[in-house]
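# Tertiary structure, described
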Amino acid sequence: MILAAGRGERLGAPIGKALVELSGKPLLRWSAEAFVASGAVVEVVAVARPGEEAAVEGALAGLGLPWRVVPGGERRQDSSLAGISAAAGEYVLIHDAARPLVGPDLIRAVLEATVRHGAAVPVIPVRDTLRYAAGGFLRAEGPDRAGLYAIQTPQGFRRELIRTALEDAVRRGFSLTDDAGAVLLAGGRVAVVPGEARNLKVTYPEDLELARALLSFRG
Ligand code: CTP
Ligand code: MG
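In what follows, the accompanying structure is described. (Residues numbered from 1 in each chain as written. Chains lettered and ligands numbered in written order. Predicted model: local features only at pLDDT ≥ 70, side-chain atom pairs only at ≥ 80, totals over all residues. Heavy atoms only, no water.)

### So, the layout of surface pockets
Empty space left among the atoms is revealed by rolling a probe the size of a water molecule over them. As a reminder of what qualifies: Detection works on a 1 Å grid of protein atoms alone, calling trapped sets that fit a 1.4 Å probe cavities and calling open sets with protein on both sides within 12 Å along at least five of seven lines pockets, with lining residues defined by an atom within 4 Å of a point. Grid points are joined across faces, edges and corners, and a volume is the space filled by probe spheres set on the points. In this description a helix means any DSSP run of H or I spanning at least four residues, a strand means any run of E spanning at least two, and both kinds are numbered starting from the N terminus. Amino acids outside the nonpolar list (Ala, Val, Leu, Ile, Met, Phe, Trp, Tyr, Cys, Pro) and the charged list (Asp, Glu, Lys, Arg) are all regarded as polar, and Gly is one of them.
When its volume is computed, the largest pocket comes out at roughly 1100 Å³. Every residue lining the largest pocket is counted, 40 residues in all, and those nearest its centre are Arg10, Lys17, Arg76, Asp96 and Lys201. Contributions of two or more residues to the lining of the largest pocket are made by β1 (2–4), α3 (76–86) and β10 (149–151). Take the lining of the largest pocket: its biggest share by element is 3 residues, from α3. In terms of residue class, the lining of the largest pocket is made up of 15 nonpolar, 12 polar and 13 charged.

### So, the site of ligand 1
Selection rule: For each residue, the test is whether any non-hydrogen atom lies within 4 Å of the molecule or strand; if one does, the residue is near. For the purposes of these results, a polar contact is taken to be a pair of N or O atoms within 3.5 Å, where, inside protein, one atom must be able to donate a hydrogen and its partner to accept one; residues adjacent in sequence count only when each atom of the pair is a side-chain atom.
In the vicinity of ligand 1 lie 18 residues, with Leu3, Gly8, Glu9, Ser79 and Lys201 positioned nearest. Between ligand 1 and Glu74 there is a distance of 2.9 Å, counted from a nitrogen atom to a backbone nitrogen or oxygen. At 3.4 Å from an oxygen atom of ligand 1 is found a main-chain nitrogen or oxygen belonging to Ala98. Contributions of two or more residues to the shell around ligand 1 are made by β1 and α3.

### What about the packing of helix α1 (residues 27–38) against helix α4 (residues 104–117)?
The condition is simple: Fitted lines through C-alpha atoms serve as axes, helices being fitted only where they are in contact, and the angles separating the N-to-C directions of these axes extend from 0 to 180 degrees. Reported orientations rely on four angle classes, namely roughly parallel under 35 degrees, roughly antiparallel over 145, roughly perpendicular from 65 to 115, and oblique for the rest. We call a crossing left-handed when the near helix sits turned anticlockwise from the far one by less than a right angle, and right-handed when that turn is clockwise. Note on contacts: a residue pair is in contact if any heavy atoms of the two residues lie within 4.5 Å.
Across the interface, α1 lies against α4 with an axial gap of 8 Å and an inter-helix angle of 65°. In this view, α1 runs roughly perpendicular relative to α4, as classed from their interaxial angle. Helix-helix and strand crossings are classified by hand; for α1 and α4 the assignment is right-handed. Seen from α1, the contacting residues are Ala34, Phe35, Ala37 and Ser38; seen from α4, they are Pro104, Ile107 and Arg108. In the contact of α1 with α4, the residues fall into 5 nonpolar, 1 polar and 1 charged.

### Looking at the pattern of salt bridges
Note the following rule: The salt bridge definition used is simple: a Lys or Arg side-chain nitrogen within 4 Å of an Asp or Glu carboxyl oxygen. Type-normalised accessible area, obtained with a 1.4 Å probe on protein chains alone, sets the label of each residue: buried when under 20%, exposed when over 50%, and partly exposed for intermediate values.
Scanning all chains against the criterion turns up 14 salt bridges. The salt bridge involving Arg139 is made with Glu141; its shortest N-O contact spans 2.8 Å. Looking at Arg139, the relative accessible area reads 39%, which means it is partly exposed. On the accessibility criterion, Glu141 (43% relative accessible area) is partly exposed.

Rendered as structure tokens:
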């Protein structure tokens, strides 16, 4: 499942972020092709911004797997739930269209850990020192970097597990930036697998430049 229903406000493009071109292909197309190459999935469900369905269908035309497009919702968790309801099968991998450089190996590793543990996400150890700041100055208290990870997608789940966890989070009024957060709120366990440094999230225009540069190195 590829989430492509965001506004892309921080990128500031005139079209939805998932449709923005990266080295000749829409962002969404890059990750869709990685899922096909992984051999790990049987269908692709893309969640589009209402009104952009036709353009997203165009971006998926000729993909080497069955695919379909469903409309998303106002918040990320609403879009996730829309995609999960449209998907079939026991397991689902939920990926952000904003991460075009995900690789087939990572997709397979997440699926494997998901089948084993019920929920799994790729993570990267945090390299920078992290502190809170307020009013222009650092605060003394901050999280210990040891054991702290940045979380990527795709995130894998037993489909019923993530469906009930997200429905619960929505009912309780939480606002989530990823799907694993819903499982954690419900008291569930989420396994981690090593993420990929190149699996960056395109958030700001400079991220698009970075992705372009990484692609030109792939050869
Ligand atoms: N997303 C979604 N539905 C929403 C919000 C986000 O499907 N209502 C998806 C985006 O399309 C993106 C992923 O969630 O692939 C991660 O979100 P983010 O990077 O924040 O993308 P946007 O919300 O599009 O960007 P911004 O926050 O800058 O508007
Ligand atoms: Mg957003």
